[in-house]
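Okay, here's what each chain looks like letter by letter:
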Amino acid sequence: MREIRVMDQSQITILAILAATVVLFMWGRWRHDMVASAALLACIFTGLVSADAAFDGLGHPAVITVACVLVLSKGLQSSGAVDVLARTFLPAQSGPVVSIVALTGLGAVLSAFMNNVGALALLMPIALQMARRQQLPPGKILMPLAFGTILGGMTTLIGTPPNLIVSGFRQASSGDGFSMFDYTPVGLAVALAGIVFIALIGWRLVPGRKQAGMEGFESGAYITEARVPEGSKAEGLTLRELETALTDADAQILGLVRNSVRVMPPSPRRRTRAGDILMLEAEAEALSQALSSLGLKLEEDLATKEADKEKESKKEKSQEDNGTREAVVGADSKKEKKDGKDKGESDSSDEIVLMELVILPSSELLGRTARGIQLRTRFGVNLLAVSRQGQRSFKRLRALAFRAGDLLLMQGSPELIAEFASSTGCVPLAERELRIPDKKKALVAGGIMAASVTVAALGWLPAAVAFASGVLASMVLRTVPPRSVYNAVDWPVVVLLAALIPVADVMETTGTASLVAAWLLDGVAQGSALVALALILVVTMTLSDVMNNAATAAVMCPIALGAASQLGVNADPFLMAVAIGGSCAFLTPIGHQNNTLILGPGGFRFGDYWRMGLPLELLVVAISLPMLLWVWPL
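Residues numbered from 1 in each chain as written. Predicted model: local features only at pLDDT ≥ 70, side-chain atom pairs only at ≥ 80, totals over all residues. Heavy atoms only, no water.

Section: the overall build of the protein
Link 1 in the chain: Counting its regular elements, the protein contains 24 helices and nine strands.
Link 2 in the chain: Taking all 634 residues of the protein together, 53% fall into the buried category.
Link 3 in the chain: Within the protein, residue pairs in contact and separated by at least 24 positions form 78% of the contacts whose partners lie at least 6 positions apart.
Link 4 in the chain: Approximately 27,900 Å² of the protein is accessible, and the part contributed by carbon and sulfur atoms is 59%. (Helix = DSSP H or I, 4+ residues; strand = E, 2+ residues; numbered from the N terminus. Buried < 20%, exposed > 50% of the residue type's maximum accessible area, 1.4 Å probe, protein only. Contact = heavy atoms within 4.5 Å. Areas by Shrake-Rupley, 256 points an atom, 1.4 Å probe, with all protein chains shown as cover.)

Observations concerning a nonpolar patch on the surface
Link 1 in the chain: On the surface, Val-196, Leu-200, Ile-201 and Leu-205 cluster together into a nonpolar patch covering about 340 Å² of accessible area.
Link 2 in the chain: Tracing the backbone through its elements, the reader meets Val-196 in helix α9 (residues 184-205).
Link 3 in the chain: The partly exposed category is assigned to Val-196, whose relative accessible area is 48%. (Patch = residues over 30% accessible without salt bridge, like charges linked within 9 Å, V, L, I, M, F, W, Y side chains within 5 Å. Salt bridge = Lys/Arg side-chain N within 4 Å of Asp/Glu carboxyl O.)

Points about the pattern of salt bridges
Link 1 in the chain: As enumerated under the stated definition, the model contains three salt bridges in all.
Link 2 in the chain: A salt bridge links Arg-258 to Asp-276, with the shortest nitrogen-to-oxygen separation between them at 2.6 Å. Of this pair, Arg-258 sits in strand β2 (residues 252-258) while Asp-276 sits in the loop between β3 (261-263) and β4 (277-283), and the two are 18 residues apart along the sequence.
Link 3 in the chain: For Arg-258, a relative accessible area of 13% gives the class buried.
Link 4 in the chain: Asp-608 is the partner of Arg-611 in a salt bridge, and the nearest nitrogen-oxygen pair spans 4.0 Å.

A word on the side chain of Thr-552
Link 1 in the chain: Relative to the helices and strands, Thr-552 is located in helix α21 (residues 549-567).
Link 2 in the chain: For Thr-552, a relative accessible area of 0% translates into the label buried.
Link 3 in the chain: Not counting residues within four places of it along the chain, the set of residues in contact with Thr-552 comprises Thr-540, Leu-543, Ser-544 and Met-547.

Here's the deal with the environment of Val-493
Link 1 in the chain: Residue placement: Val-493 occurs in helix α18 (residues 491-509).
Link 2 in the chain: For the pair Val-493 and Asn-548, spaced 55 residues apart in sequence, the C-alpha separation works out to 9.3 Å.
Link 3 in the chain: Apart from residues lying up to four places away in sequence, Val-493 is in contact with His-32, Val-66 and Gln-593.

Description of the nonpolar core
Link 1 in the chain: Phe-147, Phe-467 and Phe-574 are the most contacted members of the largest nonpolar core, which has 140 residues in total.
Link 2 in the chain: The element that contributes the greatest number of residues to this core is α21, accounting for 13 residues.
Link 3 in the chain: Apart from residues no more than four positions distant in its own chain, Phe-574 is found in contact with Ala-529, Ala-532, Leu-533, Ile-536, Ala-560, Ala-563, Ala-564, Leu-567, Val-569 and Leu-634.
Link 4 in the chain: By size, the runner-up hydrophobic cluster in this structure holds 22 residues, among which are Met-355, Ala-370, Leu-383 and Leu-416. (Core = buried A, V, L, I, M, F, W, Y, C linked by side-chain atoms within 4.5 Å.)

A closer look at the packing of aromatic side chains
Link 1 in the chain: Overall, the coordinates contain four aromatic pairs when judged by the stated rule.
Link 2 in the chain: Their ring planes at 65° and their centres at 5.5 Å tell us that Phe-178 and Tyr-183 sit as a pair that is edge-to-face. Grouping residues by exposure puts Phe-178 and Tyr-183 together as buried.
Link 3 in the chain: Among the aromatic residues, those joined into a cluster by ring pairs are Phe-178, Tyr-183 and Trp-632. (Phe/Tyr/Trp six-rings, centres within 6.5 Å; stacked < 30°, edge-to-face > 60°.)

Looking at unusual backbone geometry
Link 1 in the chain: If you check the backbone angles, Gln-135 has positive phi at about 55° while not being a glycine.
Link 2 in the chain: Among the secondary structure elements, Gln-135 is positioned in the loop between α6 (116-134) and α7 (139-153).
Link 3 in the chain: Its identity is not glycine, yet Arg-478 carries a phi of approximately 65°, on the positive side.
Link 4 in the chain: Tracing the backbone shows Arg-478 in the loop between α17 (463-476) and α18.

Brief notes about the environment of Gly-47
Link 1 in the chain: Looking at where Gly-47 falls in the secondary structure, it is placed in the loop between α2 (32-45) and α3 (61-78).
Link 2 in the chain: In this structure, the C-alpha to C-alpha distance between Gly-47 and Ser-10, residues 37 residues apart in sequence, is 8.9 Å.

Section: the packing of α7 against α9
Link 1 in the chain: Between α7 and α9, whose axes approach to 10 Å, the crossing angle comes to 170°. One way to sum up the angle between α7 and α9 is to call them roughly antiparallel. Facing α7, whose interface residues are Lys-140, Pro-144, Phe-147, Gly-148 and Leu-151, α9 presents Val-190, Ala-191, Gly-194, Ile-195, Ile-198, Trp-203 and Arg-204.
Link 2 in the chain: Here the residues of the contact of α7 with α9 are counted per class, giving eight nonpolar, two polar and two charged. (Axes fitted to C-alpha atoms, helices over the stretch in contact; angles between N-to-C directions. Parallel < 35°, antiparallel > 145°, perpendicular 65-115°, else oblique. Nonpolar A, V, L, I, M, F, W, Y, C, P; charged D, E, K, R; others polar.)

Remarks on the packing of α3 against α17
Link 1 in the chain: It is at 8 Å that the axes of α3 and α17 come closest, and there the two elements cross at 30°. Overall, the two elements α3 and α17 adopt an arrangement that is roughly parallel. In this structure, α3 meets α17 at a crossing whose hand is left-handed. Of α17, the residues touching α3 (which contributes Pro-61, Ile-64, Thr-65, Cys-68, Val-69, Val-71 and Leu-72) are Ala-463, Ala-464, Phe-467, Ala-468, Gly-470, Val-471 and Ser-474. (Left-handed = near helix turned anticlockwise from the far one by under 90°.)

So, the environment of Ala-585
Link 1 in the chain: Here Ala-585 is to be found in the loop between α22 (572-583) and α23 (593-597).
Link 2 in the chain: In the structure, Ala-585 is positioned 37 residues away from Asn-548 in sequence and 9.2 Å away in space, judged by C-alpha atoms.

Here's the deal with the confidence of the model for the protein
Link 1 in the chain: Overall, the predicted model of the protein reaches an average pLDDT of 78, with 79% of residues at or above 70.
Link 2 in the chain: Note that pLDDT drops below 50 for residues 211-219; the model gives that stretch 15 contacts with residues more than four away or on any other chain.
Link 3 in the chain: Within the model, the stretch residues 323-350 combines pLDDT values under 50 with 36 contacts to residues more than four positions away or in other chains. (pLDDT = per-residue confidence, 0-100.)

A word on helix α1 (residues 9-27)
Link 1 in the chain: Compared with an ideal rise of 1.5 Å per residue, which puts 19 residues at 27 Å, α1 spans 27 Å between its outermost C-alpha atoms and is within 8% of the ideal.
Link 2 in the chain: Buried within α1 are the following residues: Gln-11, Thr-13, Ile-14, Ile-17, Leu-18, Thr-21, Val-22 and Phe-25. For α1, the arc enclosing every buried residue in end-on projection is 165°, short of the 170-degree limit, so these residues lie on one face. Exposed residues pointing more than 90 degrees away from the buried face of α1 are listed as Gln-9, Val-23 and Trp-27. (Expected span 1.5 Å × (residues − 1). Arc of directions from axis to C-beta.)

Focus: the pairing of strand β7 (residues 382-387)
Link 1 in the chain: Across the six residues that make up β7, a large majority, six, are buried.
Link 2 in the chain: Here β7 runs beside strand β8 (residues 407-412); their pairing, made up of five bridges, is antiparallel. By the bridge assignment, Ser-387 is partnered in β8 with Leu-407. (Pairing = 2+ DSSP bridges.)

A look at α17
Link 1 in the chain: End to end, α17 covers 20 Å across 14 residues, agreeing with the expected 20 Å (1.5 Å per residue, within 8%).
Link 2 in the chain: Elements that come into contact with the buried residues of α17 comprise α3 and α16 (439-457).
Link 3 in the chain: Arg-478 sits one or two residues past α17 and shows a positive phi near 65°.

Written out as structure tokens, the structure reads:
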């Protein structure tokens, strides 16, 4: 029996701060980065953390790595690399079990190498389409996908912030952190078992509720124009074959334009040629799949690129003829800054977005056409598609007369689209995440991520340096526009980690972690290393269900190290138990951002998650404990 230790003032203070922090996390009134910042400031004001070291957490390798992985994830997202994977590996026609296995498995693979929330957000539209195809409530597909992306995150060092935090604590205690795939043996076993359970049993336990907000605003189908490029899959197919290929994307062909002659309606037996323009009708979310599945290109987008090339070619020819290239470039540069709007160019051309606008009844666009107002040359934006609910128009987009209530899908820089909206009487509704895959950028983005992972895994560079190099390469090669880099970082998560790392250090320096560990060992585990390991795992899982997983890992790592030290056993299985437990938040919608993200689209209530989450957490404990003891012996 160990002697009872008396807590000193510093230990009482840090425990009080941590208790208040946990309560605030569970309360949820304040955002988690605000709570973490308050905990750090409390430690500073009470003298537990020196003012000079207060913000050392901002330079911690785990914080840097998390921020860099978020940026690289944005590159995979915006280039359309994930959309290509989804079309390649997800079955077009299959039953619910096979579909859920494929979708959840793909989500797990993606989340192993990119941000979990990003992986879920990319696959959510596909999940909703799959639910409609299977005639299932959306939640029965969304919850398996959300849980699958959480499970996949525990398989690599960069899969989820808790893994990086755990590695940081190991490096601080032993001088060497965990490597990229040290998490894989245990994490992969748990993820595979979890996915099998979800696909066979779990999705059936999810309440079948209607999607929240279904009675709200719906944008309806868009009518857009797509050109058939030379060498694309669509070239040489009959229109009937194209219709069949577009069925999965819920798109249909309304007309065809060949040599500026409109064919309405075209014969199903007519074969397409390179340069043909197809008039398509599709939902906004399905436009990307409709275009990329056949290699089609948006007509307005393509026309803009060709016009820019022609303009550049003419400018270069003029410069060569006059022999004054440098002078002309300088003059052009000044002129572009002065009248960039007239040329349809913008200094922010590296940040192009798609935004949805609705035409107000008082808009000056009423009765006018895109050609008539010289949309591209006057405003520097492109009209990609028009949605007119309940009605179809067979006119060319540029010749379509606008009406009140029309929805316009516009392409351009955020500044120019906002200026167009305010000057013409339109209201921006939402920025559309319509990703039209760019094969070259997708390959480059995937190559940068693969190279960063390889360099970090082989130990050639520290993980933070390897992924920071990847971010720089992404900026140089434009897979992530430089102006979008900082928007890709989830700053609340970065602040949370940076603030809690010094707070967690106080747990160790004051001896509080050892004190708590000793209490757990004597009062609950009775000195058994196996029971202590299970206790650390279960306590971490419980905390992660009610507070942020990164915060949970930061709080539990010192306790896990203290427990291993008290028992005189290997600390690695205890740290790995924290990593597994910190990633398994399946009981509530507040434990993980992915759970929160599906709350509305799935129509869920707070108490719906435990139905599949509780048996899944029990399965995680049953699989992970023996795997931990086998891979990381005590």
